[in-house]
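Single-letter residue listing:
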Amino acid sequence: MSSGYGSAPAAPAAPSAGPAFPAARPRRLRTTAAMRRMVAEHQVRPADLVLPAFVREGVAEPVPISSMPGVVQHTLDSLRKAAADAVAAGVSGIMLFGVPLVKDAVGSAGTDPDGILQRALRAVRTEVGDELVVMADTCLDEVTDHGHCGVLDARGRVDNDATLARYAEMAVVQADAGAHMLGPSGMMDGQIGVIRAALDAAGHQDVSLLAYTAKYASAFYGPFREAVNSSLRGDRKTYQQDPANGRESMRELALDLAEGADLVMVKPGMPYLDVLRRVADAVDVPVAAYQISGEYAMVEAAAERGWIERERAIDETLMAFKRAGADVILTYWATEAARRLAG
């Protein structure tokens, strides 16, 4: 029956017998770059990044590392410039590794106040002051003639407790040289507690500790051996973690936190994103991931051959760490990536 104002509305169409047309369309939030940026769940910032850097004693010019294109063993002068460049790019920290001329069984260069790493710490602090978090690798592998992360016993095994005594001495020397943060990377049982006690006793209560909580015995460290002129004999499987184990990392995590770690780290990065996620979900301290030399080398090699888009691949790997829970990312691309992010 007509109302006098036009035809009656048509009856609704009968439901189709086929599948309902999608009402939910996630693609709506991917339509433009601005839209994607607005709804992005994670963001990598320049301030999330830390630059690992190598400094070599006795060289007049930076020495390219063939297995890590674009990375060098610095002189003190070129290291100062790299630190200043990192500050300008917005990077938050620099992790220093020293390569001495002379190595011995106990890593004497690591506790010599005039050792190359200690000189590098002083040089970088003079250059950038507190504008970067200046970090030191607190380990013996770069300074021992056998290449292990600790001192050896009479049977050639790494002696955990004797190594702790060396770490304590090394930590104080590094703090004296100006390190804001130390990274004990040797995976010795009790290393965080012993170093914390040594620092506090020496008046370095403000020097923080980045615990290498889950450091795995990985095949991806290969290029690092060249970077530090490693003289390693054998392997590190008796102290670094077995790649088969994830639950073990949580035990290491509990110990490091109980001993006073200020930050915790998973190393390597990409092969252990599952561990990184578990650690990040379990703690209320900052979590770091180290994108190591082999990860860097694979991307650079594939990009050089035209197999992948270099910058996109770099950025995607960094985002993977953030998505998995990393607050801090150590990467050899730190300065480059920070400049791109800031742009």
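Here's a quick rundown of the structure.

Rules and cut-offs
Residues numbered from 1 in each chain as written. Predicted model: local features only at pLDDT ≥ 70, side-chain atom pairs only at ≥ 80, totals over all residues. Heavy atoms only, no water. Core = buried A, V, L, I, M, F, W, Y, C linked by side-chain atoms within 4.5 Å. Buried < 20%, exposed > 50% of the residue type's maximum accessible area, 1.4 Å probe, protein only. Contact = heavy atoms within 4.5 Å. Patch = residues over 30% accessible without salt bridge, like charges linked within 9 Å, V, L, I, M, F, W, Y side chains within 5 Å. Areas by Shrake-Rupley, 256 points an atom, 1.4 Å probe, with all protein chains shown as cover. Salt bridge = Lys/Arg side-chain N within 4 Å of Asp/Glu carboxyl O. Lys, Arg positive; Asp, Glu negative; His and termini not counted. Charge placed at Lys NZ, Arg CZ, Asp CG, Glu CD. Helix = DSSP H or I, 4+ residues; strand = E, 2+ residues; numbered from the N terminus. Disulfide = S-S within 2.5 Å. Pairing = 2+ DSSP bridges. Expected span 1.5 Å × (residues − 1). Polar contact = N/O pair within 3.5 Å; in protein donor to acceptor, adjacent residues only side chain to side chain. Axes fitted to C-alpha atoms, helices over the stretch in contact; angles between N-to-C directions. Parallel < 35°, antiparallel > 145°, perpendicular 65-115°, else oblique. Nonpolar A, V, L, I, M, F, W, Y, C, P; charged D, E, K, R; others polar. Left-handed = near helix turned anticlockwise from the far one by under 90°.

1. Some thoughts on the nonpolar core
What tends to happen in soluble globular proteins is that the nonpolar side chains get buried as a cluster.
Item 1. If you look at the biggest cluster of nonpolar residues, it comprises 95 residues, and the most contacted ones within it are Phe 54, Ile 94, Leu 96 and Leu 182.
Item 2. Look past the residues within four positions of Leu 182 in its chain and what remains in contact with it is Ala 136, Thr 138, Ala 171, Gln 174, Ile 195, Leu 199, Val 207, Ser 208, Leu 209 and Leu 210.

2. Digging into a positive patch on the surface
Item 1. On the surface, Arg 25, Arg 27, Arg 28 and Arg 30 cluster together into a patch of positive charge.
Item 2. Here Arg 25 lies in the segment before helix H1 (33-39).

3. Some details on the side chain of Thr 75
Item 1. Mapping Thr 75 onto the fold places it in the loop between strand E3 (72-74) and helix H2 (76-89).
Item 2. Looking at Thr 75, the relative accessible area reads 9%, which means it is buried.

4. Focus: the state of the cysteines
Think of a disulfide as a covalent bridge from one cysteine sulfur atom to another cysteine sulfur atom.
Item 1. Per the stated rule, a full pass over the model turns up zero disulfides.
Item 2. Cys 139 takes part in no disulfide bond, and the closest cysteine sulfur, belonging to Cys 149, lies 3.5 Å away.
Item 3. Note on Cys 139: relative accessible area 3%, which makes it buried.
Item 4. According to the relative accessible area criterion, Cys 149 is buried, its value standing at 0%.

5. Here's the deal with the pairing of strand E1 (residues 49-56)
Item 1. Burial within E1 is extensive, with seven of its eight residues counted as buried.
Item 2. By the bridge criterion, two bridges tie E1 to strand E10 (residues 328-330) in an arrangement that is parallel. In the sheet register, Val 50 faces E10, and the bridge partner there is Leu 330.
Item 3. Sheet topology note: the E1/strand E4 (residues 93-99) ladder contains seven bridges and is parallel. When the bridges of E4 are listed, Ala 53 appears paired with Leu 96.
Item 4. Where E1 meets E3, two bridges bridge the pair, whose relative direction is parallel. Counted as the bridge partner of Val 55 is His 74 from E3.

6. Digging into the pattern of salt bridges
Item 1. The full count for this structure, using the stated rule, is 21 salt bridges.
Item 2. Residue Lys 322 pairs with Asp 48 through a salt bridge whose shortest N-O separation is 3.4 Å. Taken together, the positions of Lys 322 in helix H10 (residues 310-323) and Asp 48 in the loop between H1 and E1 put the pair 274 residues apart, joining distant regions of the chain.
Item 3. According to the relative accessible area criterion, Lys 322 is buried, its value standing at 15%.
Item 4. Linking Arg 196 and Asp 262 is a salt bridge whose minimum nitrogen-to-oxygen distance equals 3.9 Å. With Arg 196 in helix H5 (residues 191-201) and Asp 262 in the loop between helix H7 (247-259) and strand E8 (263-267), this pair connects stretches of sequence that are 66 residues apart.
Item 5. Residue class for Arg 196 comes out buried when judged on its relative accessible area of 12%.
Item 6. Its relative accessible area of 32% is what places Asp 262 among the partly exposed residues.
Item 7. One network of salt bridges, in which partners are shared, links Glu 300, Arg 310, Glu 311, Asp 315, Glu 336 and Arg 340.

7. Section: a nonpolar patch on the surface
Item 1. A contiguous nonpolar patch, built from Leu 29, Met 38 and Val 39 and spanning about 290 Å² of accessible area, is present on the exposed surface.
Item 2. Assignment of secondary structure puts Met 38 in helix H1.

8. Some thoughts on helix H4 (residues 160-176)
Item 1. Across its 17 residues, H4 extends 24 Å between first and last C-alpha, which sits within 8% of the 24 Å expected from 1.5 Å per residue.
Item 2. The element H4 is extensively covered by neighbouring structure, given that twelve of its 17 residues are classed as buried.
Item 3. Those residues of H4 lying buried are Asn 160, Thr 163, Leu 164, Arg 166, Tyr 167, Ala 168, Met 170, Ala 171, Val 172, Val 173, Gln 174 and Ala 175.
Item 4. Buried residues belonging to H4 abut helix H3 (116-128), strand E5 (133-138), strand E6 (181-184) and H5.
Item 5. Of the residues flanking the start of H4, the one acting as N-cap is Asp 159, its side-chain oxygen 3.3 Å from the backbone nitrogen of Asp 161.
Item 6. Taken from the residues just after H4, Gly 178 is the one with a positive phi, measuring 115°.

9. Digging into the packing of H10 against helix H11 (residues 334-342)
Item 1. At a minimum axis distance of 11 Å, the contact between H10 and H11 shows a crossing angle of 95°. Here H11 runs roughly perpendicular to H10, going by the angle between their axes. Two secondary-structure elements touch here, H10 through Arg 310, Glu 311, Ile 314, Asp 315 and Leu 318 and H11 through Glu 336, Ala 337 and Arg 340.
Item 2. Here the residues of the contact of H10 with H11 are counted per class, giving three nonpolar, no polar and five charged.

10. Quick word on the packing of H2 against H3
Item 1. Remark: H2 packs on H3, axes separated minimally by 9 Å, with the N-to-C direction vectors making an angle of 45°. One element, H2, and the other, H3, form an angle in the oblique class. In this structure, H2 meets H3 at a crossing whose hand is right-handed. Facing Leu 76, Leu 79, Arg 80, Ala 83, Ala 84 and Val 87 of H2, the residues of H3 in contact are Ile 116, Arg 119, Ala 120, Ala 123, Val 124, Glu 127 and Val 128.
Item 2. Along the lines of polarity and charge, the residues of the contact of H2 with H3 split into ten nonpolar, no polar and three charged.

No statement about biological role is implied by the geometric values presented.
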